[in-house]
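# Chains, contacts and geometry: an overview
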Amino acid sequence: MNTRDQIEFIKRTTQNVQVKTKLLSILENLLKQEESMPRKEILAYAKKIKPVMRGTEKHVAIYTNTENKNLFWIPAYPIHHQSFSYVCHTPLKPAVGLKELARITTYHTYGGYHGLLRPSTDEAIIQCPKDILNKVCAFEFQTDTLDIRKIYHAGLDRHILTTVYYEGTLPEDIAGQEVTW
């Protein structure tokens, strides 16, 4: 279900006015963000903003405890149809010298089954605060739990994560990776 369909579904089915108002506020804001950035612009930002993941030189993932886990640049994956966090387990090289710019709550579709956490690069770019978008070179998804029942919000039909945005220098080999939708 796309964002517009989810808004209509909430309008038709949610009886509690407070819940309906909160859900519609979030979804209408997401729709506004989605519609404000065409695909061509998202692809251009994806050439300058790359995902990073935590782990070791042999394995990366989304961890609940990031202590003793370093940041790494990862291989390129399609930014819309495939979630790097779902398929990537091997890092390319350490991501050093990054400075945190913002940490925000973000909302993510899941591609078919809500039990699989599959956030995408385009969602991180679309939801990035506009006042820092041109400074960002990397982002990371974080969560306090891997219990999908606590990450998935049925009313929004999305996973809720924290996205951390970083500024710094994008290595030439990482910047040169092909970007596909």
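Scroll up for the structure.
The structure contained in this document is the topic of the report that follows.

What counts as what
Residues numbered from 1 in each chain as written. Predicted model: local features only at pLDDT ≥ 70, side-chain atom pairs only at ≥ 80, totals over all residues. Heavy atoms only, no water. Helix = DSSP H or I, 4+ residues; strand = E, 2+ residues; numbered from the N terminus. Buried < 20%, exposed > 50% of the residue type's maximum accessible area, 1.4 Å probe, protein only. Contact = heavy atoms within 4.5 Å. Phe/Tyr/Trp six-rings, centres within 6.5 Å; stacked < 30°, edge-to-face > 60°. Arc of directions from axis to C-beta. Axes fitted to C-alpha atoms, helices over the stretch in contact; angles between N-to-C directions. Parallel < 35°, antiparallel > 145°, perpendicular 65-115°, else oblique. Left-handed = near helix turned anticlockwise from the far one by under 90°. Nonpolar A, V, L, I, M, F, W, Y, C, P; charged D, E, K, R; others polar. Disulfide = S-S within 2.5 Å.

### Remarks on the environment of K47
- Looking at the secondary structure, you find K47 in helix α3 (residues 39–48).
- Exposure remark for K47: the relative accessible area of 52% places this residue in the exposed category.
- Between the C-alpha atoms of K47 and L101, which are 54 residues apart in sequence, the distance is 19 Å.

### Points about the side chain of S120
- Secondary-structure assignment places S120 in the loop between β5 (99–108) and α5 (121–126).
- If we ignore the near neighbours within four places in the chain, the residues touching S120 are I79, H80, H108 and F141.

### Observations regarding the packing of aromatic side chains
- All chains considered together, the criterion is met by four aromatic pairs.
- For the pair F84 and F139, a centre-to-centre distance of 5.8 Å together with 70° between the ring planes defines the contact as edge-to-face. Residue F84 is found in helix α4 (residues 84–87), and its partner F139 is found in strand β6 (residues 138–142); the two are separated by 55 residues along the sequence. You'll find F84 and F139 in the same group, each marked buried.
- Seen from their ring centres, Y110 and Y152 are 5.8 Å apart, and the 80° between their planes marks the pair as edge-to-face. Note that Y110 is positioned in the loop between β5 and α5 and Y152 in strand β7 (residues 152–153), a separation of 42 residues in sequence.

### Concerning unusual backbone geometry
- Of note, N68 is a non-glycine position whose phi angle comes to about 65°, a positive value.
- At D157, a residue that is not glycine, the phi angle is positive and equals roughly 55°.
- Along the chain, D157 turns up in the loop between β7 and β8 (158–167).
- What makes D157 buried here is its relative accessible area of 11%.

### Thoughts on helix α1 (residues 3–13)
- All of the buried residues along α1 are T3, Q6, I7 and I10. Down the axis of α1, the smallest arc covering the buried residues is 105°, so these residues share one side.
- Against the buried residues of α1 lie α2 (17–36) and β8.

### Re the packing of α1 against α2
- Put simply, α1 and α2 touch, their axes get as near as 9 Å, and they point 160° apart. The orientation of α1 relative to α2 falls into the category roughly antiparallel. The two elements α1 and α2 meet at a crossing, and its hand is left-handed. Every residue of α2 that contacts α1 at T3, R4, Q6, I7, I10 and K11 is listed here: K20, L23, L24, L27, E28, L30, L31, E34 and E35.
- The class makeup of the residues in the contact of α1 with α2 is seven nonpolar, two polar and six charged.

### Some details on the state of the cysteines
- According to the stated counting rule, one finds zero disulfides in the structure shown.
- The thiol sulfur of C88 is not disulfide-bonded, and the nearest other cysteine sulfur, from C137, lies at 17 Å.
- Take C88: its relative accessible area is 0%, and that puts it in the buried class.
- No disulfide involves C137; its nearest neighbouring cysteine sulfur is the one of C128, lying 11 Å away.

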